[in-house]
Structures are given as structure tokens and as C-alpha cells.
Amino acid sequence: MHELSLIQNLLNIVMQSASDNGIKKVSSVALVVGENYGVLPDALDFAFHVLTQDTMCAGAALVVQKKPLVLRCKECLAEFSPQGATCRCTYCQAFRTEVVSGRELYIDYYEGE
Ligand SMILES: [Zn+2]
């Protein structure tokens, strides 16, 4: 379950930043998670709940914002969200595409006092 180590890393960043800013208690943490990142929202929730116990983030809300997978066609430069399992361009049917977004995972913001 790699969600645990992911959340641990993110919490380390949040807590470091919070203590740098004189924040004693974190009340919410917002993440942006790409649809194609390969994590389960429930597993993120669970990991967050477990790992925040007895920390300054205990009881904080986890806000997960999902980002859809977006590809850019290298032939016609159109951007699209792939339908189903194929990554073919929906406009010109080319196979050469690159990922624009949908594979990210980062902290959007956190709140505390
Ligand atoms: Zn295309």
C-alpha cells in the first residue's frame, strides 16, 4: 500500500512548513491527485487518518481534488481526455501523445493556526 508512504512524505512537508510558519495545529490539508496517478481515495483517507494520529495534523480534514487525465496529440497538438483504454488522439487518431496532466500528486494548500 504505497498510499502510506506517499501520505507520510506529504505530511512531513506540511508539518515542516507549518512549524516554520509558527503554526501549532493543522486543520485541513488539500491535495491534488491526478486520475492516473494510481492511488485510491479511500486508501489516502485511511493513510491520512492513521498517520496524523498524535501529530499536529490530528483531526485535520483531508480534501482531495481529482484531476482528469489529459493528453496532447503530438501530430495535431489537440488536447483531450482519452476515452476508455486507448490513448489514440480523438481528433486525428494518431498514437503519439504525451501526458499534459493527470499524473500529479501534490499539496494544494493546508490550513492551521
Ligand atoms: Zn491528433
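Before reading on, note that the structure itself is shown above.
Residues numbered from 1 in each chain as written. Predicted model: local features only at pLDDT ≥ 70, side-chain atom pairs only at ≥ 80, totals over all residues. Heavy atoms only, no water.

Another aspect to go through is the coordination of the zinc ion. When a metal holds four donors in a tetrahedron, each ideal angle between them is 109.5 degrees; when it holds six in an octahedron, the ideal angles are 90 or 180 degrees. Looking at the zinc ion, the protein donor atoms are Cys-73 (SG), Cys-76 (SG), Cys-89 (SG) and Cys-92 (SG), and they sit 2.3 Å from it. Taken together, the four donor atoms coordinating the zinc ion and their angles of 106 to 115° define a geometry best described as tetrahedral. Among the residues examined, Cys-89 registers a relative accessible area of 1% and is labelled buried. (Donors = N, O, S within 2.8 Å, 3.2 Å for Na, K, Ca; no water. Tetrahedral: all angles 85-135°; square planar, octahedral: opposite > 155°, others 65-115°. Buried < 20%, exposed > 50% of the residue type's maximum accessible area, 1.4 Å probe, protein only.)

Once that is clear, we can look at unusual backbone geometry. For Asp-54, which is not a glycine, the phi torsion comes out positive at approximately 60°. Assignment of secondary structure puts Asp-54 in the loop between helix H2 (41-52) and strand S2 (61-67). A positive phi angle, close to 70°, is found at Gln-93, a residue other than glycine. Relative to the assigned elements, Gln-93 resides in the loop between strand S4 (79-80) and strand S5 (97-101). For Gln-93, a relative accessible area of 41% corresponds to the partly exposed category. (Helix = DSSP H or I, 4+ residues; strand = E, 2+ residues; numbered from the N terminus.)

When the terminal C-alpha atoms of helix H1 (residues 3-20) are compared, their 26 Å separation across 18 residues agrees well with the 26 Å that a helix rising 1.5 Å per residue should span. Turning to H1, its buried residues are Glu-3, Leu-6, Ile-7, Leu-10, Leu-11, Val-14, Met-15 and Ala-18. Viewed along the axis of H1, the buried residues span an arc of 155°, placing them on a single side of the element. The outward face of H1, more than 90 degrees from its buried face, is lined by the exposed residues Ile-13 and Asp-20. Buried positions along H1 lie against strand S1 (26-34), H2 and strand S6 (105-112). (Expected span 1.5 Å × (residues − 1). Arc of directions from axis to C-beta. Contact = heavy atoms within 4.5 Å.)

Read from one edge to the other, the open sheet built from three strands follows the order S4-S3-S5, with strand pairing classed as antiparallel. Each having just a single partner strand, S4 and S5 make up the two edges of the open sheet. Two elements, strand S3 (residues 70-73) and S5, share four bridges in a ladder whose sense is antiparallel. Across the sheet, Leu-71 pairs through a bridge with Val-99, a residue of S5. (Pairing = 2+ DSSP bridges.)

Attention now moves to the pairing of S3. In summary, the side chains of a regular strand alternate between the two faces of the sheet. By the bridge criterion, two bridges tie S3 to S4 in an arrangement that is antiparallel. Across the sheet, Leu-71 pairs through a bridge with Phe-80, a residue of S4. Counting the residues in the hairpin turn of S3 and S4 gives five residues, including Leu-77, whose phi is positive at 65°.

Formed by 21 residues in total, the largest nonpolar core has its most connected members in Ile-7, Val-26, Leu-31, Phe-48 and Cys-57. Secondary-structure elements contributing two or more residues to this core are H1, S1 and H2. Top element by residues in this core is H1. It accounts for seven residues. (Core = buried A, V, L, I, M, F, W, Y, C linked by side-chain atoms within 4.5 Å.)

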